[in-house]
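# Examining the three-dimensional arrangement
For reference, the chains in residue letters:
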Amino acid sequence: MQQSLIKRYKTTLKPKTKNQPIKNNQKIISFNDLNDSDLIVDALYKGGNKNNISDDPISKLLGCGNLGGFRIRKNSIKKNSNDLSNIAFVILYTDFSQSGWEDYLDLEKGIFIYYGDNRECGDTLLNTKGNQILKKVFDSLHTNNRDIIPPFFIFSKASQKSRDVIFRGLAVPGANNLTEKDDLIAVWSLQNNLRFLNYKATFTILNDIVISRKWIIDLINGNKITESTPKNYKIWVENGIYNPLCCINSKKIRTKKDQLPYNDIDRKIIELIYNYFDDYSFEEFAAKLFQLSDNNVIEYQLTRKWKDGGRDAIGKYRIGLDQNNIIVEFALEAKKYKLKNAITLKHTTRLISRLKYRQFGVLVTTSYVSNQAYKEIIEDGHPILIISAKDIVEILKSKGLSTTDKVRKWLEENFPKE
């Protein structure tokens, strides 16, 4: 199949996209048109209907393998097979649901977090092809050899009921304000009480909306920089400047579904936290969690249990540089609720009414904020940060606390019971 695709690449220079439908503002590319299509950010690429692996749209679209989350397309240049310059491009495919290893796309910042392909206990970190390539790619980034780094095409699963995929963008390794110690790190995970290492890689989605079929052909022929090269990719290769695809999130009122964990492991983490604390001790956890989420939270103090003024903790937040900054104060309220119980307007109004001049509020809960309460906060512009059940899990995971065993151990070490 790949040979026939190469022949098509060599003879097809004009994409056939003019008759492709648009549904709910999303362009849809049919399975029959994949061979000739451009890559368009957030477009949906249809899978086949034979109910087997030949329905995979990515392999038909880019001439790569049809299985796995880490796929390589080599170019036509005959070089050492282990050489990065022999790779035309890399495809990273994710469904965002791998338990404990959830890849993450930050649409507002244009950042993609991808976990490597070592998922087996007993294997070394570099025992997989994908992790070997990640290491070479980031080593090349750190030594300013960007010209040999292949472009990365990011795809995600469109739904559980089909093989359809969505193109998420053209990515390059690293990001603004990240050092070589932070952009590719090895993290431990636990599986059946056995530990193993995997990579956590940070990529930037570049602000190049359309990747032309012509450039895909150029890449397969071994040419990265041509007249068809996307503008921001060329800038990155030549100057190391990241121009991410950032967007303003107009949907700021999160639904109940948006605020709650969506898988069993995450729900068990929240249940563990709920059962570990009483209402008062949960307040210290909430303040500690907020500090864990942001290095600029420099201190906090719990208020008196019987005289808190609607605030469970008061703290200081630093804005600016280490030697040139301003300090603002925040008031934090903690609500230990069961997942099914919502934080209502009564609770949020209490926090809002107690905020002092130039203070902002933080609401931490093991549940979610009701639509009415959330809507008032957003529409009235109240400076309230909401950390819901799902956010709690994400903060803990960002610190490597991705299982109930790890979270329990961390709780026992930081909040010992008398």
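Up top is the structure.
Just so it is clear, the model here is predicted, and its values are computed rather than measured.

Thresholds, definitions, all that
- Position numbers for residues start from 1 in each chain and track the written sequence from start to end.
- Reporting of local features is limited, given that this is a predicted model, to residues whose pLDDT is at least 70; pairs of side-chain atoms are given and counted only at 80 or more, and all residues count toward the totals for whole chains, interfaces and linings.
- Think of the side-chain values as coming from all heavy atoms in the structure, minus any hydrogens and water.
- Under the DSSP-based scheme used, a helix requires at least four consecutive residues in state H or I and a strand at least two consecutive residues in state E, with every element numbered from the N terminus.
- Each residue's exposure class comes from its accessible area (1.4 Å probe, protein chains only) as a fraction of the maximum for that residue type: buried when under 20%, exposed when over 50%, partly exposed otherwise.
- Areas reported here follow the Shrake-Rupley algorithm with a probe of radius 1.4 Å; residue values treat only the protein chains shown as occluding.
- Strand pairing follows a simple DSSP-based rule, namely that at least 2 bridges must link the two strands.
- Picture the helix axis, draw a direction to every C-beta atom, and the arc is the one those directions span.
- When checking whether two residues touch, look at their non-hydrogen atoms; a contact exists if any pair is within 4.5 Å.
- The rule for a disulfide is simple: a pair of cysteine sulfur atoms within 2.5 Å.
- The salt bridge definition used is simple: a Lys or Arg side-chain nitrogen within 4 Å of an Asp or Glu carboxyl oxygen.
- The definition of a polar contact used here is a pair of N or O atoms within 3.5 Å, where within protein one atom must be able to donate a hydrogen and the other to accept one, and adjacent residues in sequence count solely through side-chain atom pairs.
- Think of a nonpolar core as a cluster: buried Ala, Val, Leu, Ile, Met, Phe, Trp, Tyr and Cys residues, connected wherever their side-chain atoms sit within 4.5 Å.
- Between N-to-C directions, angles cover 0 to 180 degrees, with each direction set by a line fitted to C-alpha atoms, over the stretch in contact for helices.
- Here the word oblique covers every angle except those under 35 degrees (roughly parallel), over 145 (roughly antiparallel) and from 65 to 115 (roughly perpendicular).
- Note on convention: the crossing is left-handed when the near helix lies turned anticlockwise from the far helix by less than a right angle, right-handed when the turn is clockwise.
- Throughout, the ten residues Ala, Val, Leu, Ile, Met, Phe, Trp, Tyr, Cys and Pro are labelled nonpolar, Asp, Glu, Lys and Arg are labelled charged, and all others, Gly among them, are labelled polar.
- Two aromatic rings, drawn from Phe, Tyr or Trp (for Trp, its six-membered ring), form a pair once their centres lie within 6.5 Å of each other, and the interplanar angle then sorts them: stacked below 30 degrees, edge-to-face above 60, tilted otherwise.

## So, the overall build of the chain
- Looking only at helices and strands, the chain has twelve helices and 20 strands in total.
- When burial is assessed residue by residue, the chain has 47% of its 418 residues classed as buried.
- Accessible area of the chain: about 21,800 Å², with a carbon and sulfur share of 47%.

## Examining the pairing of strand β15 (residues 313-321)
- Two strands pair when backbone bridges link them, and strand β14 (residues 297-302) and β15 are joined in this way by five bridges, in the antiparallel orientation. Note that in β15 the partner of E299 across the bridge is K316.
- Note that β15 and strand β16 (residues 324-335) share nine bridges and pair antiparallel. Bridging from a neighbouring strand, R318 pairs with I327 of β16.
- What sits between β15 and β16 in their antiparallel hairpin is a turn of two residues.

## Focus: helix α10 (residues 371-379)
- Among the residues of α10, those classed as buried are A373, Y374 and I377. Taken down its axis, α10 places every buried residue within 100° of arc, on the same side. Counted as exposed and oriented over 90 degrees from the buried face of α10: Q372 and E379.
- Next to the buried residues of α10 lie α6 (256-259), β17 (342-343), α9 (345-354), β19 (368-369) and β20 (384-387).

## Some thoughts on the state of the cysteines
- Following the criterion strictly, the structure yields zero disulfides and no others.
- Of all cysteine sulfurs in the structure, the one in C246 sits closest to C247, which takes part in no disulfide; the separation is 7.7 Å.

## Details of the pattern of salt bridges
- Tallied over the entire structure, the rule returns eleven salt bridges.
- When the shortest N-O distance is used, the salt bridge between E333 and R350 registers 2.9 Å. In this pair, E333 sits in strand β16 while R350 sits in helix α9, placing the two residues 17 residues apart along the sequence.
- Given a relative accessible area of 32%, R350 falls into the partly exposed group.
- One continuous salt-bridge network, built from bridges that share partners, spans E333, K335 and R350.

## Here we look at the side chain of T403
- With respect to the secondary-structure elements, T403 resides in the loop between α11 (389-398) and α12 (404-414).
- Residue T403 is classed as buried on the basis of its relative accessible area of 15%.
- Polar side-chain contacts of T403 include one of 3.2 Å to the backbone nitrogen of K406.

## Some points on α12
- Inspection of α12 places K406, V407, W410 and L411 among the buried residues, and these make up the whole buried set. Down the axis of α12, the buried side of the element spans an arc of 135°, and every buried residue falls inside it. In this structure, α12 carries K409 and E413 as exposed residues pointing more than 90 degrees from its buried face.

## A word on the nonpolar core
- Ranked by internal contacts, the top residues of the largest apolar core, which has 55 residues, are L39, Y45, L62, F153, F155 and F203.
- The element that contributes the greatest number of residues to this core is strand β6 (residues 87-94), accounting for seven residues.
- In contact with L39, other than residues within four places in its own chain, are Y45, L61, L62, F153, F155, F167, I209, V210, I211 and I216.
- Grouped together as the second largest cluster of nonpolar side chains are 36 residues, V297, F330, L339 and L411 included.

## Let's talk about the packing of helix α7 (residues 264-276) against α12
- It is at 9 Å that the axes of α7 and α12 come closest, and there the two elements cross at 25°. Classified by the interaxial angle, the pair formed by α7 and α12 is roughly parallel. The interaxial crossing formed by α7 with α12 has right-handed handedness. Between α7 and α12, the residues in contact are K268, I269, L272, I273 and Y276 and T404, V407, R408, L411 and E412, respectively.
- For the contact of α7 with α12, the per-class residue count stands at six nonpolar, one polar and three charged.

## Concerning the packing of aromatic side chains
- This structure, assessed with the given rule, holds 23 aromatic pairs.
- Ring geometry for F153 and W215: centres 6.4 Å apart, planes at 75°, overall edge-to-face. Here W215 lies in helix α4 (residues 213-220) and F153 lies in strand β9 (residues 152-157), a separation of 62 residues in the sequence.
- The exposure class of F153 is buried, given its relative accessible area of 0%.
- Ring centres of F285 and W410 lie 6.3 Å apart, and the angle between their planes is 75°; on these two criteria the pair is classed as edge-to-face.

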